[in-house]
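Observations on chain architecture
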Amino acid sequence: MKKGLVLEGGAMRGIYTAGVLDVFMEHDLTFDGVIGVSAGAIHGCSFVSGQHGRSIRYYLKYMRDPRFMSFRSLLTTGDLVGTQFCYHDIPEKLDVFDYDAFEKSKTKFYVVATNLLTGRAEYVRLDNMKDISWMQASASMPLVSHPVQIGGKSYLDGGVADSIPVQAFRKMGYEKNIVVLTRPEGYRKKTSRMNAVKIVYKEYPAFVRAMQSRYRRYNQTLEELEELEKQGQILILRPSRDLGIGRMEKRPDKVRSLYNLGREDAEAKIKQVQRFLREGRRDRNGSI
């Protein structure tokens, strides 16, 4: 039975996931596959390359740099997240990503992106992080990012079509999954106005429909996850309390607090995580 790790996105809230993953590395936890969406993919790749502490280190150092993520970047480049700085300068020069370790890892790594033409999620395995296009596509938020062109097709944030790709991973054969969420228990996504989406993406009606139905799909997924956890098929880690941190958080103390919460929650559940990964899948009554 293949063991998987599923990582939700959430922009700056994803630093919670980085805290969880650092604790996993400290306890030498390994997985057959990792799948990440948006920020989940950003932090998940450093887990696969075994670079403990890398995410929180470069976030705290560069997150207030306007080249990292800022409205200035949006106004000057059309992208809220600075493409050159985040996808090239940081991993290639400033806080170097270990490309060799990633390629040698036995853990398969997948990212999720949304196809604008079809409005559907595409799940792509990456074995070479030097081509950053799929990572960028997965993390490119609608309305504040240019669509990423790959093979003549346009892509954006994987969270639009599949924010928590547990079912997709299960279909790939990863039957025993740890799922890291970035919202506390009880959270449900609400509907929001789509006027700007309808205008900006009028040439992509399927993508507009995916955006409109995103909240329903997300909430349904949460209900499915809770049922799967009751059945012993997955184990969920999520923030134990709401620190009130948004997608664009820039306060270092808040970011550090959320990272520390990820560490705290992971340590509190580490024995349960280890036991879950050792044991076979349980049925509803807890029997092996």
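In what follows, the structure referred to is the one given above.
Here goes a summary of the coordinates provided. (Residues numbered from 1 in each chain as written. Predicted model: local features only at pLDDT ≥ 70, side-chain atom pairs only at ≥ 80, totals over all residues. Heavy atoms only, no water.)

1. Comments concerning the nonpolar core
Grouped together as the largest cluster of nonpolar side chains are 65 residues, with contacts concentrated most on Leu 5, Phe 24, Phe 68, Phe 109, Met 129, Met 135 and Ile 178. Looking at this core, the element that brings in the most residues is helix α12 (residues 252-278), giving nine residues. (Core = buried A, V, L, I, M, F, W, Y, C linked by side-chain atoms within 4.5 Å. Buried < 20%, exposed > 50% of the residue type's maximum accessible area, 1.4 Å probe, protein only. Helix = DSSP H or I, 4+ residues; strand = E, 2+ residues; numbered from the N terminus.)

2. Some details on the pairing of strand β2 (residues 33-37)
For β2, the tally of buried residues reaches five of five residues, placing the bulk of the element in the interior. Here β2 shows two buried faces, one formed by Gly 33, Ile 35 and Val 37 and the other by Val 34 and Gly 36. Relative to β2, strand β1 (residues 3-7) runs parallel, the two sharing four bridges. Directly across from Leu 7, in β2, lies its bridge partner Gly 36. Regarding the hand of the β-α-β motif, the stretch spanning β1, helix α1 (residues 15-26) and β2 is right-handed. (Pairing = 2+ DSSP bridges. Right-handed = clockwise from strand over helix to strand, strands pointing away.)

3. Some points on the packing of aromatic side chains
All told, the structure shown has 14 aromatic pairs when counted by the stated rule. Aromatic side chains Phe 97 and Tyr 99 sit 5.2 Å apart centroid to centroid with 75 degrees between the ring planes, which places their arrangement in the edge-to-face category. Exposure class is identical for Phe 97 and Tyr 99. Each is buried. A ring pair is formed by Tyr 187 and Tyr 218, whose centres lie 6.1 Å apart and whose planes are at 75 degrees; its orientation type is edge-to-face. Of this pair, Tyr 187 sits in the loop between β7 (176-180) and α9 (195-200) while Tyr 218 is found in helix α11 (residues 214-230), placing the two residues 31 residues apart along the sequence. Of the aromatic side chains, those joined through ring pairs into one cluster are Phe 97, Tyr 99, Phe 102 and Phe 109. The aromatic ring of Tyr 174 is capped on one face by Lys 2, whose charged end is 4.3 Å from the ring centroid. (Phe/Tyr/Trp six-rings, centres within 6.5 Å; stacked < 30°, edge-to-face > 60°. Lys NZ or Arg CZ within 6 Å of the ring centre and 35° of its normal.)

4. Some details on the environment of Tyr 110
Along the polypeptide, Tyr 110 turns up in strand β3 (residues 108-115). C-alpha separation for the pair Tyr 110 and Gly 33, spaced 77 residues apart in sequence, amounts to 7.7 Å. For Tyr 110, the contacting residues outside a window of four places in its chain are Val 34, Ile 35, Gly 36, Val 124, Arg 125, Phe 169, Met 172 and Tyr 174. Among the polar contacts listed, one links the side chain of Tyr 110 to the side chain of Tyr 174, at a separation of 3.4 Å. (Contact = heavy atoms within 4.5 Å. Polar contact = N/O pair within 3.5 Å; in protein donor to acceptor, adjacent residues only side chain to side chain.)

5. Here we look at the pairing of β3
By the criterion of burial, β3 is predominantly enclosed, with seven of the eight residues buried. As judged from the five bridges shared by β2 and β3, these two strands associate in the parallel manner. In the sheet register, Gly 33 faces β3, and the bridge partner there is Lys 108. Across six bridges, β3 lies against strand β4 (residues 121-126) in antiparallel orientation. Note on β4: the bridge partner recorded for Phe 109 is Leu 126. Linking two consecutive strands that pair antiparallel, namely β3 and β4, is a turn of five residues; a positive phi of about 70 degrees is found at Gly 119 within it. Relative to strand β6 (residues 153-157), β3 runs antiparallel, the two sharing three bridges. By the bridge assignment, Thr 114 is partnered in β6 with Leu 156.

6. Overview of helix α2 (residues 39-48)
Along α2, 10 of the 10 residues are buried, which leaves the element largely enclosed by surrounding structure. Looking at α2, one finds that the buried residues are Ala 39, Gly 40, Ala 41, Ile 42, His 43, Gly 44, Cys 45, Ser 46, Phe 47 and Val 48. Once α2 ends, the next one or two residues include Gly 50, with phi positive near 75 degrees.

7. Topic: the pattern of salt bridges
This model, assessed by the stated rule, comprises seven salt bridges. Here Arg 57 ties to Asp 95 by a salt bridge, and the two come within 2.7 Å at their closest N and O atoms. Residue Arg 57 is found in helix α3 (residues 54-62), and its partner Asp 95 is found in the loop between α5 (83-94) and α6 (99-104); the two are separated by 38 residues along the sequence. Note on Arg 57: relative accessible area 42%, which makes it partly exposed. Overall, the relative accessible area of 9% leaves Asp 95 in the buried class. Of the charged contacts in the structure, one is a salt bridge between Arg 188 and Glu 226, with a shortest N-O distance of 3.3 Å. One end of the pair, Arg 188, is in the loop between β7 and α9; the other, Glu 226, is in helix α11, with 38 residues separating them in the sequence. Taking relative accessible area as the criterion, Arg 188 reaches 28% and is therefore assigned partly exposed. (Salt bridge = Lys/Arg side-chain N within 4 Å of Asp/Glu carboxyl O.)

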